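Close look at the chain arrangement
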Amino acid sequence: MTFDYDLFVIGGGSGGVRAARIASSQYGAKVALAEEYRMGGTCVIRGCVPKKLMVFASSFPGEVADAQAYGWDAQIGALDWQAFHTRLRAELTRLEGAYRGNLERAGVTIHDSRATVTGPHEVRLADGREVTARHILIATGGRPVVPEKWRDAGCMTSNEVFEMPALPKSILIVGGGYIASEFACILNGLGVETTQFYRGAQILRGFDEEARGHIAGEMVANGVDLRLGTDILEMERRDGQTWVKPTTGAAATYDAVMFATGRRPNSDDLGLEALGLKLGPNGAIPVDRYSQTAIPSIFAVGDVTDRANLTPVAIREGHAFADTVFGGKPTFFDHGLIPTAIFTQPEFGTIGLSEEAARDQGPVDVYCAAFRPMRTAFIGRDKRTMMKLIVCRQTDKVLGCHIVADHAGEMIQLAAVAIAMGASKADFDRTLAVHPTMAEELVTMRTATRSYGE
Ligand code: NDP
């Protein structure tokens, strides 16, 4: 049987673009890619990239206050949101163009269209055209979800927060995950009165508990009105604002409300269920470790599979797919040890097991240092930093590393190299400190703070 293409990719985000480029340029496959919105996907268009630029923008008032304390005659005025936003939009357009250009240079045919799957080798474009492909890769990502009860309440999600025509004076952010916590810090830093409701006992569920408490404490100290154990009971629009009655505490009115209550895979109406493919909970496309679905010619990578919803993971999954299917090298991405950073202020960099998960697995020693870093202690700030290692007592291997500090994302990237190589605590101890830095604590902690198990 002959096909129009060797590979048809649906979705022009991180995972789909990487798979398409490698299959085409490295392995000579004839590849097409369909994208219905903007090339680059969530990461480039309404996720990591604009978010990180907003993190930078939000950090300047604090920097200027610190500069003053150091003796600078420095003042900061108001943020010109329009100026920032215009530059932001231009940057995203530039990146979108770079993604498109890379695909074109790799010889990939681009269809600016929605595509659905009509058979194991068949795809239909929005204009009705049918194309065939030996393999189909679904890389359609995910989207934010608002709880059913509030779906028509006119609230924002992380999609709309990048499109705000002006900064609100006050905002309520609902949720306690990556997105809610990052945006609470960003908007607070931008000068918006920020309230965050989280229904549980502490934000960032699933991460190291001590780190979660540390981040929450710093966020509150920085001015975020964090309400734990709190959800929305009633909400209505009143005079252009949103009146909210919470489950605890007094009712209040906000200029804007943003839900960051999780994301859902974009698997709806792709035609997969009609082919007999049963979707998993939350709409995820079930795949094996090679990203292959139950239909052998159809694969899926990235957030649509709801494994670990992170850009670098989608990229690795897409690359491994291309190596496996077109490079003749069966390759899969091991989801076991994923370093990640949460761009709260302060940042959180983390890899491996939390203290709680590690102590359930066997005897461990915990090394933890919480201290006032030199840069801000000098000007009398109470800001604290945390460095933590979780060590297996039997093997001396470092099982987890958790850093709450400015630039923790940069630090964890480097610590992750050692930890992924299986570094032991003795390896950390043997490494000479780089002085004076915050990260030197990682190699100078000699006495366990706590120990668990025999
Ligand atoms: P998360 O799943 O991380 O968090 C969702 C939050 O919303 C949780 O606190 C959850 O509470 C809460 N929640 C869920 N449903 C409700 C509800 N009905 N009412 C009230 N609260 C609710 O999702 P995010 O949207 O924050 O992020 C999605 C994913 O995107 C992340 O897991 C991450 O993989 C990725 N991401 C990565 C970033 C990075 O690398 N820096 C940045 C942003 C996103 P509970 O804990 O009780 O379930």
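Quick summary incoming for the structure in this document. Model, not experiment: these values are computed from the prediction.

Looking now at the sheet that holds strand β18 (residues 347-352). Taken in spatial order, the six strands of this open sheet run β17-β18-β21-β20-β19-β22, and their pairing is antiparallel. If you trace the sheet from one side to the other, it starts and ends with β17 (340-342) and β22 (450-452), each paired once. Neighbour to neighbour, the strand axes of the sheet diverge by 15° on average, direction disregarded. As paired elements, β18 and strand β21 (residues 398-405) share six bridges and run antiparallel to each other. Directly across from Thr-350, in β21, lies its bridge partner His-402. Together, β18, β19 (364-371), β20 (385-392), β21 and β22 form the strand contacts of helix α7 (residues 209-221), whose direction differs from that of β20 by roughly 175°.

A separate point is the pattern of salt bridges. In total, this model carries 28 salt bridges according to the counting rule given. The residue Glu-355 makes a salt bridge to Lys-388 at a minimum N-O spacing of 2.6 Å. Of this pair, Glu-355 sits in helix α9 (residues 355-359) while Lys-388 sits in strand β20, placing them 33 residues apart in sequence. Comparing Glu-355 with Lys-388, the two get one shared label, buried. When salt bridges that share partners are traced, they join Asp-208, Glu-210, Glu-355, Lys-388 and Arg-450 into one network.

The subject of this paragraph is the site of the ligand. Lining the immediate surroundings of the ligand are 21 residues, of which Gly-176, Tyr-198, Arg-205, Asn-309 and Ala-341 lie closest. Contact distances for the ligand include 3.3 Å between an oxygen atom and a backbone N or O atom of Gly-262. Expressed as a share of its isolated accessible area of 910 Å², the protein-covered part of the ligand is 76%. Every element with two or more residues in the shell around the ligand is listed here: α6 (178-189) and β17. Here the shell around the ligand takes three residues from α6, the largest share from any one element. For the shell around the ligand, the class distribution of residues is eight nonpolar, seven polar and six charged.

Cut-offs and rules
Residues numbered from 1 in each chain as written. Predicted model: local features only at pLDDT ≥ 70, side-chain atom pairs only at ≥ 80, totals over all residues. Heavy atoms only, no water. Pairing = 2+ DSSP bridges. Helix = DSSP H or I, 4+ residues; strand = E, 2+ residues; numbered from the N terminus. Axes fitted to C-alpha atoms, helices over the stretch in contact; angles between N-to-C directions. Contact = heavy atoms within 4.5 Å. Salt bridge = Lys/Arg side-chain N within 4 Å of Asp/Glu carboxyl O. Buried < 20%, exposed > 50% of the residue type's maximum accessible area, 1.4 Å probe, protein only. Near = heavy atom within 4 Å. Polar contact = N/O pair within 3.5 Å; in protein donor to acceptor, adjacent residues only side chain to side chain. Areas by Shrake-Rupley, 256 points an atom, 1.4 Å probe, with all protein chains shown as cover. Nonpolar A, V, L, I, M, F, W, Y, C, P; charged D, E, K, R; others polar.

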